[in-house]
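Spelled out from the first residue to the last, the chains are:
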Amino acid sequence: MSVLVYTESEQGAFKKIAFEVASYAKAVANQLGTTVTAVTINADNTNELSNYGVDKVLSIVHSQLDSFNAKSYAEAIQQAAEKEGAKVIVVSASANSKYMSPFLAVGLQAGYVSNVVAAPTSLSPFVIKRSAFTNKAFELTQINTEIKIIGISSNSFGLVENKSDATKEAFSPTLSENTIKVESVDKATDKVTIADADIVVSGGRGLKGPENWGMIEELANILGAATACSKPVSDLGWRPHSEHVGQTGKPVASNLYIAIGISGAIQHLAGINASKVKVVINTDPEAPFFKAADYGVVGDAFEVVPTLIEKLKAFKAQQ
Amino acid sequence: MKILVCISHVPDTTSKINFTENNTKFDTNGVQFVINPNDEFGLTRAMWFKEKQGANVTVVNVGGPETEPTLRKALAIGADAAIRINTPATDGFSVAKQLAKVVEDGDFDLVITGRESIDYNGGMVPGMIAGLTNMNFVNKCIGLEINGGIAQAVREIDGGKETVSTTLPLVVAGQKGLVEESDLRIPNMRGIMMARQKPLTITEPIESKVHTTSVSYEKPAPKGAVKLVASDNLDELIDLLHTEAKVI
Ligand SMILES: Cc1cc2nc3c(=O)[nH]c(=O)nc-3n(C[C@H](O)[C@H](O)[C@H](O)COP(=O)(O)OP(=O)(O)OC[C@H]3O[C@@H](n4cnc5c(N)ncnc54)[C@H](O)[C@@H]3O)c2cc1C
Ligand SMILES: Nc1ncnc2c1ncn2[C@@H]1O[C@H](COP(=O)(O)O)[C@@H](O)[C@H]1O
């Protein structure tokens, strides 16, 4: 009856969101008066989960799960859930979890709610708060099924430390044949990805041309941030499409979003306003982005950003 | 090849989002509804398969009579036939259940959906259709070629992309990239005239469980005013981000 949480890893190492979903699962388990069981797939150092309130680890090690496959991952987690008799399952909003969870929901005949931003507001009926209308509103959603799958939005709950003493058990699921074959993967490994980043530094058309991105990258480097851009910037070929954020690009739910030379059009904001803190640097005090921002600097990016870089370097050196 | 394109009918992004009946209903007053942007990319790709490979394209929506203009628009863009399942779209599961029935009855080889709808942003219908019909599934699809029952698809992954191969029947959830934005089609006069002659079939829903129900809506708390920092005082910005916002 424990709360089951799928704690994701990549090449054996847990992703940060694994600890966030575990923190969330612990909060729900406390509400329900039960324990937390984490399912891991080919993860190495499962002890780390004991920092976030996990009581038991079901450790799956399987060569068919070396590279991600939605159906096989769903089968593995479904079998773990059945074995534990879990009624509440917590997953993240990563691309992989969003790919897999609808299969899991069908397999377990479970109600699945994605983009959840807070712990359940009521347990009976089971009601949960999720974001909707591209973050322009929240919906309180009731889950009617016996088994419930909660997909939480990144950085919405945060990490909550809770020391526990997790026991570990090996678990070996039965998997059907994989019908989707990965031919090739094209992924920059040396860069922070927008999905994983705590901080995103984003540039718009106000930066005038691709040759001016050096300062954006430098700022991102100092902050350990991912770089992003507005849609026209990728359409003009100044930056790769993978950096395009907004309603038609990648969604951003970082802790800090720094927008430089971006006007703040509604389609841009729709994709980034799940970010916690927004900083805007723009020459135009009337730019709509200032209405959506927490902090703002009215000024020329070509002056503000280099100064900010110098000052941040000094700040980081002191830390 | 028989293609089914699932179209959701959503408020245009620039719409004001308001609620009525004590915050339990979305206020459609003055809201313009459009083909879900992610579905537009899929529909355009379907047109390509129709023109280059002779595919037959059906569009489908689960919804009330108010969604018919959206389906007519898809017919005007070039789909051959439309189906409306006459029931309000309540939750992802029940919608997927209706669509799975259409897929099975129509013997479709390829089902094209969008990665998510921009109203409820569930992102669950496509995977559920695949789960219910036991079809192969590629999410966040940004490239698709099909030859002799074999599909080559590119999907977006965190930090990059991945090329996969699989077989039909297949469900893909598309997004920008599946076709270029400049290739998106808008209906022309001829298309609009022709659409009037094309079949739009209304089908009654099958029995389905509703897994989740909407209780009420809330708007985010009004944002406090932006704190402006002078451009010659960036130390203050760093201090605010460090001590007040605690993000650096
Ligand atoms: C269906 C649809 C979907 C869309 N989806 C997206 C999306 O996903 N993402 C997205 O970003 N857009 C999207 N758009 C486009 C969006 O409407 C805007 O056109 C776009 O976001 C504007 O990009 P921008 O802010 O970089 O450029 P602009 O609007 O040109 O703004 C540039 C800004 O830079 C400022 N500036 C100029 N010089 C300087 C300087 N030296 N220093 C500092 N600031 C300076 C200007 O004051 C201005 O505010 C979409 C549009 C449509 C119709
Ligand atoms: N009511 C509906 N009718 C037809 N297709 C739908 C409907 N709702 C969702 N879809 C399809 O499923 C995709 C993802 O929607 P969602 O799971 O609601 O985010 C959409 O882009 C559509 O292709």
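Note: the structure precedes this text.
Predicted model only: the values in this text are computed from it and were never measured. (Residues numbered from 1 in each chain as written. Chains lettered and ligands numbered in written order. Predicted model: local features only at pLDDT ≥ 70, side-chain atom pairs only at ≥ 80, totals over all residues. Heavy atoms only, no water.)

Trainee: Looking at this structure, how should I read the overall build of chain B?
Mentor: The helix and strand inventory of chain B stands at 6 helices and 15 strands. Overall size of chain B, expressed as C-alpha extent along the three principal axes, is 65 × 45 × 40 Å. Taken across its 248 residues, chain B has 53% of its residues classed as buried. Considering only residue pairs separated by 6 or more positions, chain B has 70% of its internal contacts joining residues 24 or more positions apart. (Helix = DSSP H or I, 4+ residues; strand = E, 2+ residues; numbered from the N terminus. Buried < 20%, exposed > 50% of the residue type's maximum accessible area, 1.4 Å probe, protein only. Contact = heavy atoms within 4.5 Å.)

Trainee: Sorry, what's going on with the nonpolar core here?
Mentor: Nonpolar side chains tend to gather and get buried jointly when the protein is soluble and globular. Formed by 88 residues in total, the largest nonpolar core has its most connected members in I89 of chain A together with L144 of chain B. Core analysis: the second largest hydrophobic core is formed by 37 residues, V201, V297 and V305 of chain A together with I248 of chain B among them. (Core = buried A, V, L, I, M, F, W, Y, C linked by side-chain atoms within 4.5 Å.)

Trainee: Whenever I open this one, the site of ligand 2 confuses me. Can you help?
Mentor: Residue and element names in this part refer to chain B. Around ligand 2, a shell composed of 21 residues is seen, among which C6, D39, V62, S117 and G123 lie nearest. A distance of 2.7 Å separates an oxygen atom of ligand 2 from a polar atom in the backbone of C6. Here an oxygen atom of ligand 2 and a backbone polar atom of G123 are 2.7 Å apart. Against a free-state accessible area of 480 Å², the protein chains account for coverage of 94% of ligand 2. In this structure the site holding ligand 2 corresponds to the largest pocket. Residue contributions to the shell around ligand 2 peak at 3 residues, all from strand 6 (residues 56-62). For the shell around ligand 2, the per-class residue count stands at 10 nonpolar, 9 polar and 2 charged. (Near = heavy atom within 4 Å. Polar contact = N/O pair within 3.5 Å; in protein donor to acceptor, adjacent residues only side chain to side chain. Areas by Shrake-Rupley, 256 points an atom, 1.4 Å probe, with all protein chains shown as cover. 1 Å grid on protein atoms, 1.4 Å probe; cavity = no way out; pocket = protein on both sides within 12 Å on 5 of 7 lines; lining within 4 Å. Sits in = over half its atoms within 2 Å of the grid points. Nonpolar A, V, L, I, M, F, W, Y, C, P; charged D, E, K, R; others polar.)

Trainee: Please clarify how the pairing of strand 18 (residues 295-298) of chain A should be interpreted in this entry.
Mentor: One face of the sheet, then the other: side chains in a regular strand alternate in exactly this way. Note that strand 17 (residues 277-282) of chain A and strand 18 of chain A share 4 bridges and pair parallel. In the sheet register, V280 of chain A faces strand 18 of chain A, and the bridge partner there is G296 of chain A. (Pairing = 2+ DSSP bridges.)

Trainee: I would appreciate a short explanation of the interface of chain B and chain A in the present structure.
Mentor: By convention, interface size is frequently given as the accessible area that disappears when the constituent parts associate. Tallying the contact residues gives 73 residues for chain B and 83 residues for chain A. Carbon and sulfur atoms make up 59% of the area that chain B and chain A hide from each other, which totals about 6700 Å². Joining chain B to chain A, the criterion identifies 7 salt bridges. As a salt-bridge pair, K223 of chain B and D294 of chain A come within 2.9 Å of each other at their nearest N and O atoms. There are 40 residue pairs in polar contact (both at pLDDT 80 or more) connecting chain B and chain A. Contributions of two or more residues to the side of chain B that touches chain A are made by helix 4 (125-133), strand 9 (136-147), strand 10 (150-157), strand 11 (160-167), strand 14 (212-218), strand 15 (227-228) and helix 6 (234-244) of chain B. Ranked by the residues each element gives to the side of chain B that touches chain A, the list is headed by helix 6 of chain B, at 8 residues. (Buried area = accessible area lost by both parts, 1.4 Å probe. Salt bridge = Lys/Arg side-chain N within 4 Å of Asp/Glu carboxyl O.)

Trainee: Teacher, can you tell me more about the environment of V59 of chain B here?
Mentor: Residue and element names in this part refer to chain B. Assignment of secondary structure puts V59 in strand 6. Given a relative accessible area of 0%, V59 falls into the buried group. Residues V59 and A195 lie 136 residues apart in sequence; the distance between their C-alpha atoms is 12 Å. Filtering out sequence-adjacent residues up to four positions away, V59 remains in contact with V5, I7, L43, L71, A74, A79, A81, A82 and I83.

Trainee: When you look at the sheet that holds strand 18 of chain A in this model, what are you seeing that I'm missing?
Mentor: Taken in spatial order, the 6 strands make up an open sheet running 15(A)-14(A)-16(A)-17(A)-18(A)-15(B), and their pairing is parallel. Every other strand in the sheet has two partners, leaving strand 15 (226-229) of chain A together with strand 15 of chain B as the edge strands with one partner each. Relative to strand 16 (residues 256-260) of chain A, strand 14 (residues 199-203) of chain A runs parallel, the two being bridged by 5 bridges. By the bridge assignment, S202 of chain A is partnered in strand 16 of chain A with A259 of chain A. Here helix 4 (residues 214-223) of chain A sits on the sheet and contacts strand 14, strand 15 and strand 16 of chain A; the angle it forms with strand 14 of chain A, its principal contact strand, is near 175°. In this fold helix 8 (residues 301-318) of chain A packs onto strand 16, strand 17 and strand 18 of chain A, with an angle of close to 130° to the strand it touches most, strand 17 of chain A. (Axes fitted to C-alpha atoms, helices over the stretch in contact; angles between N-to-C directions.)

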